[in-house]
Amino acid sequence: EGILLTMVDPRNNLSRQVETEVRSHFGEKVYRTRIPRNIRLSEAPSHGQPILLYDIHSRGAVAYLKLTEEILTHYQEPAEPDSHEGERSKENQAL
């Protein structure tokens, strides 16, 4: 769970102020990834397509892909060791 900043436009003073306030108030709950204000994101629904099908190379689509990576990295469980790994090590030591 987290807070996602959308329609971010760093050229806009209000957008910068909102981001600063949200990050200072909610801290680590705010995702690092920001979804920019992007015309392609606005156009996709009117063409009946998600942004990844409409224009995967747009800034908005790239930002959503980055968000996906951020979420998966955050919630990824550490890999469990192979249960046979210890047995193989013992066998190699015996040789």
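Look up a bit, the structure's there.
For clarity, every value in this text was computed on a predicted model and none was experimentally measured.

Remarks on the pairing of strand β2 (residues 30–36)
Argument step 1. Burial runs high along β2: five of the seven residues are buried.
Argument step 2. Bridge analysis of strand β1 (residues 3–8) against β2 gives three bridges, and the strand direction is parallel. Along β2, the bridge assignment pairs Val8 with Pro36.
Argument step 3. You can see the chain leave β1, run along helix α1 (residues 13–26) and come back into β2, and the turn it takes is right-handed.

Topic: the pattern of salt bridges
Argument step 1. Tallied over the entire structure, the rule returns five salt bridges.
Argument step 2. With a closest N to O distance of 2.8 Å, Glu19 and Arg34 form a salt bridge. Of the two residues, Glu19 sits in helix α1 while Arg34 sits in strand β2, which places them 15 residues apart along the sequence.
Argument step 3. A relative accessible area of 15% means that Glu19 is categorised as buried.
Argument step 4. A salt bridge links Asp55 to Arg40, with the nearest nitrogen and oxygen atoms 2.9 Å apart.

Criteria and cut-off values
- Just so you know, the residues in each chain are numbered from 1, in the order the chain's sequence is written.
- Reporting in this predicted model follows two pLDDT cut-offs: at least 70 for local features of residues, and 80 or more for side-chain atom pairs to be given and counted; totals over whole chains, interfaces and linings ignore these cut-offs and use all residues.
- Excluded from the side-chain calculation are hydrogens and water; included are all heavy atoms of the structure.
- Exposure is judged per residue with a 1.4 Å probe applied to protein chains only, and the accessible area is read against the type maximum: over 50% gives exposed, under 20% gives buried, and values in between give partly exposed.
- Put simply, DSSP H or I for four residues or longer makes a helix, DSSP E for two residues or longer makes a strand, and each gets a number counted from the N terminus.
- A pair of strands is labelled paired if DSSP reports no fewer than 2 bridges between them.
- Looking down the strands as they point away from the viewer, one classifies a crossover as right-handed if the path from the first strand across the helix to the second runs clockwise.
- What makes a salt bridge here is a side-chain nitrogen of Lys or Arg within 4 Å of a carboxyl oxygen of Asp or Glu, nothing more.

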